[in-house]
Amino acid sequence: MRKVGFEMAAQGMTKDVMDRAITDALECSRICEETLAYCLRQGGRHTEAEHIKLMVDCAEICRTAAAFMGRGSRYNAEISRICAQICQACAVDCAQFSGDEQMMRCAEQCRRCADSCTQMAAVTV
């Protein structure tokens, strides 16, 4: 009887973590796409090839991770770990544009998504 209660509580926690991670991933994808357009308008350092590719990668992996989580894929933990790594890299990259409000918003959401995906990977192992 106790075990059933514990399993139900764990499932509830996992659902909360997953719902948060899906929301954060979709928002991260949206902000990365928005910031990508912003960078292209800014030109200069904002349009360096590696920076642009990283932002595109981040937007794509976030959409992919949200889809894997939503359907309960057995590969969810691996995708969540990769998403966290790419989001963290994108956060560091965007944070280099200190004083640029749009870039700071992107960096913050990337950090939030990295944290959520790290948690998601831990509960789905």
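Residues numbered from 1 in each chain as written. Predicted model: local features only at pLDDT ≥ 70, side-chain atom pairs only at ≥ 80, totals over all residues. Heavy atoms only, no water.

Asker: Got a minute to help me understand the side chain of Gln 102 in this structure?
Answerer: Looking at where Gln 102 falls in the secondary structure, it is placed in helix H4 (residues 101-123). The class of Gln 102 is buried, set by a relative accessible area of 14%. A polar contact of 3.1 Å, which involves the side chain of Gln 102, links it to the side chain of Glu 34. Among all residues touching Gln 102, those that are not within four sequence positions of it are Ile 31, Glu 34, Thr 35 and Tyr 38. (Helix = DSSP H or I, 4+ residues; strand = E, 2+ residues; numbered from the N terminus. Buried < 20%, exposed > 50% of the residue type's maximum accessible area, 1.4 Å probe, protein only. Polar contact = N/O pair within 3.5 Å; in protein donor to acceptor, adjacent residues only side chain to side chain. Contact = heavy atoms within 4.5 Å.)

Asker: Even after reading the chapter, I still don't get the pattern of salt bridges, so can you show me in this structure?
Answerer: Pairing between side chains of opposite charge can happen when the charged atoms of each approach one another. Enumeration according to the criterion identifies 10 salt bridges in this entry. Residue Arg 20 is joined to Asp 24 by a salt bridge in which the shortest nitrogen-to-oxygen separation is 3.0 Å. Placement of the pair is Arg 20 and Asp 24 together in helix H1 (residues 2-42), with a separation of four residues, close to one helical turn. Taking the relative accessible area as the measure of exposure, Arg 20 reaches 44% and is therefore partly exposed. A salt bridge links Arg 112 to Glu 108, with the nearest nitrogen and oxygen atoms 3.3 Å apart. Placement of the pair is Arg 112 and Glu 108 together in helix H4, with a separation of four residues, close to one helical turn. A relative accessible area of 34% means that Glu 108 is categorised as partly exposed. (Salt bridge = Lys/Arg side-chain N within 4 Å of Asp/Glu carboxyl O.)

Asker: Explanation requested: H4 in the structure shown.
Answerer: Helical geometry: 3.6 residues make up each α-helical turn, so side chains three or four residues apart lie on a common side. Over its 23 residues, H4 extends 33 Å from the first C-alpha to the last, a length consistent with the 33 Å expected when each residue adds 1.5 Å. Where H4 is concerned, the buried positions are Gln 102, Met 103, Cys 106, Ala 107, Gln 109, Cys 110, Cys 113, Ala 114, Ser 116, Cys 117, Met 120 and Ala 121. At the N-terminal boundary of H4, the capping side chain belongs to Asp 100, with an oxygen 3.2 Å from the backbone nitrogen of Gln 102. (Expected span 1.5 Å × (residues − 1).)

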